[in-house]
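# Per-entry structural report
Residues per chain are reported as follows:
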Amino acid sequence: MSRTPQGQRASLDKQPHEVAAMFDGVAARYDLTNTVLSFGQDRSWRRATRAALGLRPGERVLDVGAGTGVSTEELAHSGAYAVGADLSLGMLYAGKRTRPSVPLLAGDALRLPFADASFDAVTISFALRNVNDTDAALAELARVTRPGGRLVVCEFSTPVNPAFRTVYLSYLMRSLPAVARAVSSNPDAYVYLAESIRAWPDQAALAARIGAAGWGRVAWRNLTGGVVALHRAVRN
């Protein structure tokens, strides 16, 4: 864990206690900061995730890495029963204050507190990148999903246009931390954000890992020019 006068950030080996502590530190203004840093695109990304899951009333969907529950709340608009799980107690407490009706519980993506085949669909948004064993997390998501159930991973990815990619990477490493200092309760965490995005696999590489973890019919769709990608799959 790195510490600065502005706060603390996890290292790229992503030890769970470091990641949880880092997100505890950003919980107070997390939703606002995300909206500012994404220029408001976070709302459309949440709507796209819900649409990609194809949820129906009466289905059960698990939102892993739910944070304050803003994504879980969006999923519930489908009529499905949506429950969120997150490693950070600080994020969960913040969510309970602002969204008391949203079911949120503590849970590690590597050891989810649910029986096999408990859900019709699972999703993880901007959190798979923060798990220290991506492949084990994808397998754990498969474990709690019924055969034929759906997965959507919404995660930062690689812009497809080379010129735009250069501008985007410059924003990540230079401008984003500066903006975070103005709005975040722990701006140093956003240095980790930029570093972890830059180190994350591209769309094709992540699709291959999803397919190796018990998921079939893997496909992806780019959002915002590939800044974000939605990976979809079906439980084998």
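As the structure is a prediction and not an experimental result, all values here were calculated from the model. (Residues numbered from 1 in each chain as written. Predicted model: local features only at pLDDT ≥ 70, side-chain atom pairs only at ≥ 80, totals over all residues. Heavy atoms only, no water.)

## Some words on the overall build of the protein chain
- When helices and strands are counted, the protein chain shows nine helices and nine strands.
- Taking 2.2 N^0.38 as the reference for a compact globule, 236 residues should give roughly 18 Å; the C-alpha atoms of the protein chain span a radius of gyration of 17 Å, in line with that estimate.
- Along the first, second and third principal axes, the C-alpha set of the protein chain runs to 45 × 40 × 30 Å.
- Every one of the 236 residues in the protein chain was classed for burial, and the buried ones make up 53%.
- Sequence-distant contacts, at least 24 apart, represent 65% of the contacts inside the protein chain between residues at least 6 apart.
- About 10,000 Å² of surface is accessible on the protein chain, with carbon and sulfur atoms providing 55% of the total. (Helix = DSSP H or I, 4+ residues; strand = E, 2+ residues; numbered from the N terminus. Rg over C-alpha atoms; globule rule 2.2 N^0.38 Å. Buried < 20%, exposed > 50% of the residue type's maximum accessible area, 1.4 Å probe, protein only. Contact = heavy atoms within 4.5 Å. Areas by Shrake-Rupley, 256 points an atom, 1.4 Å probe, with all protein chains shown as cover.)

## Description of the sheet that holds strand E6 (residues 119-125)
- Spatially, E5-E4-E3-E6-E7-E9-E8 is the arrangement adopted by the seven strands of the open sheet, whose pairing is mixed. Single-partner strands in this sheet number two, and they are strand E5 (104-106) and strand E8 (215-223). Across this sheet, the average inter-strand angle for adjacent strands is 20 degrees, counted without regard to direction.
- Judged from the four bridges that link them, strand E3 (residues 60-64) and E6 form a sheet pairing that is parallel. Each bridged residue has a counterpart across the sheet, and for Val 64 the counterpart in E6 is Ile 124. (Pairing = 2+ DSSP bridges. Axes fitted to C-alpha atoms, helices over the stretch in contact; angles between N-to-C directions.)

## Considering the nonpolar core
- Grouped together as the largest cluster of nonpolar side chains are 37 residues, with contacts concentrated most on Trp 45, Val 61, Phe 156, Tyr 190 and Val 228.
- Here this core gets six residues from one element, more than from any other, and that element is helix H8 (residues 189-199).
- Apart from residues lying up to four places away in sequence, Val 228 is in contact with Trp 45, Phe 126, Cys 154, Glu 155, Phe 156, Ser 157, Arg 221, Asn 222 and Leu 223.
- Leu 62, Ala 85, Val 131 and Leu 206 belong to the second largest nonpolar core, which has 26 residues in total. (Core = buried A, V, L, I, M, F, W, Y, C linked by side-chain atoms within 4.5 Å.)

## Let's talk about unusual backbone geometry
- In this model, Phe 39 sits at a positive phi of 55 degrees, which is unusual for a non-glycine residue.
- Relative to the helices and strands, Phe 39 is located in the loop between helix H2 (30-37) and helix H3 (41-53).
- Notably, Arg 217 is not glycine yet its phi reads approximately 50 degrees, a positive angle.
- Structurally, Arg 217 is set in strand E8.
- By relative accessible area, Arg 217 is classed as exposed at 72%.

## What to know about the UniProt feature "binding site: S-adenosyl-L-methionine" (unreviewed entry) in the protein chain
- With numbering matched to this structure, UniProt assigns "binding site: S-adenosyl-L-methionine" (unreviewed entry) to Thr 68, Asp 86, Asp 108, Ala 109 and Ser 125.
- Mapping Thr 68 onto the fold places it in the loop between E3 and helix H4 (70-76).
- Overall, the relative accessible area of 3% leaves Thr 68 in the buried class.
- Apart from residues no more than four positions distant in its own chain, Thr 68 is found in contact with Asp 31, Met 91, Ala 94, Gly 95, Arg 99 and Leu 104.
- Within the structure, Thr 68 has its side chain in polar contact with the side chain of Asp 31 (distance 2.9 Å). (UniProt positions renumbered as here; feature names shortened; annotations may be inferred. Polar contact = N/O pair within 3.5 Å; in protein donor to acceptor, adjacent residues only side chain to side chain.)

## Notes on the pattern of salt bridges
- Applying the stated criterion across every chain yields a total of twelve salt bridges.
- Asp 108 is the partner of Arg 111 in a salt bridge, and the nearest nitrogen-oxygen pair spans 2.7 Å.
- A residue is classified by how much of its surface remains accessible, and Arg 111, at 58% relative accessible area, is exposed.
- Taking the shortest distance from any N to any O, the salt bridge between Arg 143 and Asp 116 comes out at 2.7 Å. With Arg 143 in helix H6 (residues 134-143) and Asp 116 in the loop between E5 and E6, this pair connects stretches of sequence that are 27 residues apart.
- Given the relative accessible area of 25%, Arg 143 is considered partly exposed. (Salt bridge = Lys/Arg side-chain N within 4 Å of Asp/Glu carboxyl O.)

## Overview of the pairing of strand E7 (residues 145-156)
- Across the twelve residues that make up E7, a large majority, nine, are buried.
- Note: E6 against E7, six bridges, orientation parallel. Along E7, the bridge assignment pairs Phe 119 with Thr 145.
- One crossover worth recording links E6 to the parallel E7 by way of H6, and it is right-handed.
- Summarising the sheet, E7 and strand E9 (residues 228-235) pair through seven bridges and their orientation is antiparallel. Within E9, the position partnered with Arg 150 by the bridge is Val 234. (Right-handed = clockwise from strand over helix to strand, strands pointing away.)

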